[in-house]
Amino acid sequence: MRERIWAQLPMLLPWLLLPPPLWGGPPDGRCSEREPEPGPLQPFDLLYASGVAAYYSGDYEVAVRDLEAALRSHRRLREIRARCARHCAARCPLVPPGVGPGSELPFFRALLERARCYRSCQSQRLGGPASRHRASEDVRSDFQRRVPYNYLQRAYIKLNQLEKAVEAAHTFFMANPEHMEMQQNIKNYRTMAGVEDLQLVDRDAKPHLESYSEGVKHYEADDFELAIKYFEQALREYFNEDTECRALCEGPQRFEEYEYLGYKAGLYEAIADHYVQVLVCQHECVRELATRPGRLSPIENFLPLHYDYLQFAYYRVGEYVKALECAKAYLLLHPDDEDVRDNVDYYESLLDDSIDPASIQAREDLVMFVKHHKLESKLIKSAAEGLGFSYTEPNYWIQYGGRQDENQVPSGVNAEGAEVHGLPAQKKSSPKIDRDLGEGGPLLYENITFVYNSEQLNGTQRVLLDNVLSEEQCRELHSVASGIMLVGDGYRGKTSPHTPNEKFEGATVLRALKFGYEGRVSLKSARLFYDISEKARKIVESYFMLNSTLYFSYTHMVCRTALSGQQDRRNDLSHPIHADNCLLDPEANECWKEPPAYTFRDYSALLYMNDDFEGGEFIFTEMDAKTVTASIKPKCGRMISFSSGGENPHGVKAVTKGQRCAVALWFTLDPLYRELLLQVKNRHEGIVGPPLTTQSQDSWRTFHLPSLFSIVVTKCFTTSQETGPLFTQREKDTQSR
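The notes below deal with the structure included here. (Residues numbered from 1 in each chain as written. Predicted model: local features only at pLDDT ≥ 70, side-chain atom pairs only at ≥ 80, totals over all residues. Heavy atoms only, no water.)

## With respect to the packing of helix 2 (residues 44-56) against helix 3 (residues 60-91)
Then step 1. At a minimum axis separation of 7 Å, helix 2 and helix 3 run at an interaxial angle of 160°. It follows that helix 2 is roughly antiparallel to helix 3 by the angle criterion. Where helix 2 crosses over helix 3, the handedness of that crossing is left-handed. Only Tyr60, Val62, Ala63, Asp66, Leu67, Ala69, Ala70, Ser73, His74 and Leu77 of helix 3 make contact with helix 2, whose side of the interface consists of Phe44, Leu47, Tyr48, Ser50, Gly51, Val52, Ala54 and Tyr55.
Then step 2. Each residue belonging to the contact of helix 2 with helix 3 can be placed in one class, and the counts come to 13 nonpolar, four polar and one charged. (Axes fitted to C-alpha atoms, helices over the stretch in contact; angles between N-to-C directions. Helix = DSSP H or I, 4+ residues; strand = E, 2+ residues; numbered from the N terminus. Parallel < 35°, antiparallel > 145°, perpendicular 65-115°, else oblique. Left-handed = near helix turned anticlockwise from the far one by under 90°. Contact = heavy atoms within 4.5 Å. Nonpolar A, V, L, I, M, F, W, Y, C, P; charged D, E, K, R; others polar.)

Spelled out as structure tokens, the structure:
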């Protein structure tokens, strides 16, 4: 292995000399630092700790002062590190090693000069040693997740500074779109201000993402002049952000793949090891810049899309040379895209006779970027082989992430002088479901009454049914609920996880079975819980005409009780608007199907147990989480079922009097995510099925019930002639109703 490493070093070292791309300023012959800025910068982690302590002690003015100072300090620290890296790279260029004895000394002298420049630059600008600003991983994570803004919005409310509270709340929510409480807070603040359309400001917005979104908005409105302005601005900001991202990668690195070196590596091994870590970090800036705050997945095909939009926008305003440059730029990353290749041919046919089409090249900004990106990739792969670590190049340019319109091939337009219509982008009213849709299948059981279908409920994949339960079954389930419910079940014991005006209680089937076996509730009644769940599953599978088996993902009996003395002038929801398998982002009109959402869920159902309460209507909305498309009043035996994606945002109106109870069910078409107890039951009966997932196994560790498994399954399946799946708690469900 050591021989392989050393064999690669002659190839690695020349790459160390490459200056970072797009860094400006030729060297002036000496490593001079700029003038320091007055006043030492206070460490952001100490300011943050002071602000949080002040908040919990009730000193909200000091909390605001220190938290705002912490955010400024954190922002300034990043700026200083990036600026010093750019400055020293320009002022202290690395020189190639020569030939002969001592030939490497000029290179190492330049390396030492750059290190001295960087340390001096940081010390002067920070007003002290950089080591004062090394924060813990937990603190850095809090700032990445924008947690300080959560404290700020609460402190500003205490100080009656509503506008600043809204800004802080919105800034936090942009990085935490699954935080439904914050979404509700923002709505409440708007109501308090008496302005429904209060301007929302993201204080930490990324300029290149904001400009890109503006460009898309104007493009979809056929305002191509403004679209061009914003897309060009987005590209300038993107490359500036890329430069900063690369500079920040030059800080300390610690990758598990490289731990084998420890402190025992030789000089060249240590240099190569650290440099490759930096290089991988810089290579990943493509993904970093394409990822919205709070998301794990980047926008697909993000950078190429700028040029895809621009090529058509320039075409629409008659600038055919620029359209051709952008189309050729797009082909640098997707050379086999037939649509854009056709566009290139068409744009060339529109050029003046005095212009040679071959003289029009791809945009220089992307040419330089792609060249550097490919060289990085080649070097990382070579280093992986030489240094003995694994590396797989991600697919940074996923081609199916394209423009959501029909403006793909301008050559399809009549070129004989007819009016160019351009086919404006068609905004989809709801996300596409990636499977064949059907509904209207048989309901399987007598006495069930069909009420409304998707069209009557103003949506997609929705159905409302009555008489799924009898009055007697409702009473029996309600009796079981009173004996097995836990306050805050599924929410770490929080009494009021969704609203402070209601108490939330829940129970799983496993708890019902356990209590039934112990004689604390009727075992027959406990069995009813999962019997009616199986009945609901069969109905959903049949009505939506699914071609594959529908499995249980999670089943939860839930009750919401209005708290007396807290119902006057309520304007909140019992459960905020959300979707069941994606993170609803009302501001972006998107639903992000990525963790921590339960992305494996495909269908949902609510089976209601009573109607002797006030409020508590189930509502569907548009993706804006505001426009109600359907409202359903619960009653005994009524069931609403729907597909679980962003096409069906939903919530629950405030329960203002009494207690509302229901059985909430989530289903999946993926057998790997079916509820664990069903799999154990099958094995108990000798039925072969897919292996238990790690996720399923982890959920059982919280119960410590391996022996109870056998007891409960055996007891329940030997004391009843009926067959039906058993269920247990998987992960604690943050979206149970």
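Alright, that's what it looks like, and here's the rest.
## Description of the sheet that holds strand 11 (residues 618-621)
Backbone-to-backbone hydrogen bonds join strands into a sheet, with any given pair of strands oriented parallel or antiparallel.
Then step 1. Within the open sheet, the four strands sit side by side as 6-14-11-12. Their pairing is antiparallel. If you trace the sheet from one side to the other, it starts and ends with strand 6 (573-578) and strand 12 (628-632), each paired once. Between one strand axis and the next, the sheet turns by 20° as a mean value, whatever way the strands run. (Pairing = 2+ DSSP bridges.)

## Details of a negative patch on the surface
Then step 1. On the surface, Asp336, Glu338, Asp339, Asp342 and Asp345 cluster together to form a negatively charged patch.
Then step 2. Taking the relative accessible area as the measure of exposure, Asp342 reaches 33% and is therefore partly exposed. (Patch = residues over 30% accessible without salt bridge, like charges linked within 9 Å, V, L, I, M, F, W, Y side chains within 5 Å. Areas by Shrake-Rupley, 256 points an atom, 1.4 Å probe, with all protein chains shown as cover. Salt bridge = Lys/Arg side-chain N within 4 Å of Asp/Glu carboxyl O. Lys, Arg positive; Asp, Glu negative; His and termini not counted. Charge placed at Lys NZ, Arg CZ, Asp CG, Glu CD. Buried < 20%, exposed > 50% of the residue type's maximum accessible area, 1.4 Å probe, protein only.)

## As for the packing of aromatic side chains
Then step 1. Under the criterion given, the structure shown has 33 aromatic pairs.
Then step 2. An angle of 75° between the planes, with centres 5.2 Å apart, marks the rings of Tyr48 and Phe143 as edge-to-face. Of the two residues, Tyr48 is situated in helix 2 and Phe143 in helix 5 (residues 137-144); the sequence distance between them amounts to 95 residues.
Then step 3. Between the NZ or CZ atom of Arg462 and the centre of the ring of Phe620, over which it lies, the distance is 3.8 Å.
Then step 4. Over the ring of Phe515 we find Arg520; its NZ or CZ atom is 3.8 Å from the centre of that ring. (Phe/Tyr/Trp six-rings, centres within 6.5 Å; stacked < 30°, edge-to-face > 60°. Lys NZ or Arg CZ within 6 Å of the ring centre and 35° of its normal.)

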